[in-house]
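# Notes for the structure review
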Amino acid sequence: TVTLESTVPAAFAQTYRDNSESNLDTDLNWQSTQLNVESAQDHWNIYEPAIVETPEQTFVHVWSEWVWEEDNNRSGYVLNYAVVDRLGQVIQPATALTSLYGSSDFYTEDRNYSLAVTPDGKIGVLWSRYLDNYATDLWNQNVWFAVLNPSGGLAYGPVNLTNNNQWGYDPQGGYISYYETKVEASADNRFMLAWQIDYYHQPTGTEDSD
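Small disclaimer: the values here were computed from a predicted structure and weren't measured.

## Some points on the sheet that holds strand S2 (residues 23–29)
Pairing is antiparallel in the open sheet, where three strands are placed in the order S1-S2-S3. Each edge of the open sheet carries a strand with a single partner, namely strand S1 (12–18) and strand S3 (34–38). Ignoring strand direction, the axes of neighbouring strands in this sheet form an average angle of 20 degrees. Pairing of S2 with S3 involves five bridges; the strand directions are antiparallel. Across the sheet, the residue bridging to Asn29 is Gln34, located in S3.

## Focus: the pairing of S2
Of all seven residues making up S2, seven are buried, and the element is well covered by its neighbours. Neither face of S2 is exposed, since Asn23, Asp25, Asp27 and Asn29 on one face and Leu24, Thr26 and Leu28 on the opposite face are all buried. Pairing between S1 and S2: seven bridges, direction antiparallel. Across the sheet, the residue bridging to Tyr16 is Asp25, located in S2. In this antiparallel pair of consecutive strands, S2 and S3, the connection spans four residues.

## So, the side chain of Asp110
Structurally, Asp110 can be placed in strand S8 (residues 106–117). Judged by relative accessible area, which is 1%, Asp110 ranks as buried. Within the local environment of Asp110, its side chain forms a polar contact with the side chain of Thr98, the two groups lying 2.6 Å apart. Among the polar contacts listed, one links the side chain of Asp110 to the side chain of Arg129, at a separation of 2.7 Å. Beyond its immediate chain neighbours, meaning those up to four positions away, Asp110 contacts Ser64, Tyr77, Val78, Leu79, Thr98, Trp127, Ser128 and Arg129.

## Re the packing of aromatic side chains
Tallying each qualifying case throughout the model produces eleven aromatic pairs. Between Tyr107 and Tyr130 the ring centres are 6.3 Å apart and the planes differ by 65 degrees, which places this aromatic pair in the edge-to-face class. Of the two residues, Tyr107 is situated in strand S8 and Tyr130 in strand S9 (residues 123–133); the sequence distance between them amounts to 23 residues. As far as the burial class goes, Tyr107 and Tyr130 line up, both buried. Chaining the aromatic ring pairs together yields one cluster made of Tyr107, Tyr130, Trp139, Tyr175 and Tyr200. Geometry around Tyr47 places Arg17 over its ring, the cationic atom sitting 4.6 Å from the centre.

## As for the environment of Thr206
Turning to its location among the elements, Thr206 is positioned in the loop between strand S13 (191–201) and strand S14 (207–209). According to the relative accessible area criterion, Thr206 is partly exposed, its value standing at 43%. Here the alpha-carbon distance between Thr206 and Tyr178, two residues 28 residues apart in the chain, equals 17 Å. Aside from chain neighbours lying at most four places away, what touches Thr206 is Tyr199, Tyr200 and His201.

The rules we used
- Residues numbered from 1 in each chain as written.
- Predicted model: local features only at pLDDT ≥ 70, side-chain atom pairs only at ≥ 80, totals over all residues.
- Heavy atoms only, no water.
- Pairing = 2+ DSSP bridges.
- Helix = DSSP H or I, 4+ residues; strand = E, 2+ residues; numbered from the N terminus.
- Axes fitted to C-alpha atoms, helices over the stretch in contact; angles between N-to-C directions.
- Buried < 20%, exposed > 50% of the residue type's maximum accessible area, 1.4 Å probe, protein only.
- Polar contact = N/O pair within 3.5 Å; in protein donor to acceptor, adjacent residues only side chain to side chain.
- Contact = heavy atoms within 4.5 Å.
- Phe/Tyr/Trp six-rings, centres within 6.5 Å; stacked < 30°, edge-to-face > 60°.
- Lys NZ or Arg CZ within 6 Å of the ring centre and 35° of its normal.

Quick look at the structure:
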């Protein structure tokens, strides 16, 4: 008796930073074909890329990118995105989703981002934003959300969901931070958003989270 076993790999895509050139590369893999696509041409300082596939079989990339404006002492990590089709053709070139905050002397860090796609093709992007005012040494955090169209256009936002206006901390109360953002899509084209809130209490120094 001879038993022959075989497997056929499912098609998949992966996106990653090419350290040799600091570009964003995407591998599109099928059973018999593999394509390597440069998804963010002429963009450098790319970090932590994420990828999600839409029902129309396009691939949406979101990544963090370091930018620096020496003239006004602003720097930080902002979010960019791009869209390619299943054959690697660019539908939406690299586009800024966020930008540096403030006129001068600010550090911005958009981080902890999460992606999800609804059945009708909308892409939800959820992230947290950390701001640091160099001039006052005070900082602020919030959670932000935006929705992209399947073709890459901005459908909604970005909008501040938490509206935390506290800079630094209240000596009598403490301060809060936001982590672990997560977005999921439902079958009826809605987005479910969640995140962790950490409370640091003063003057006791204790902390808890929700």
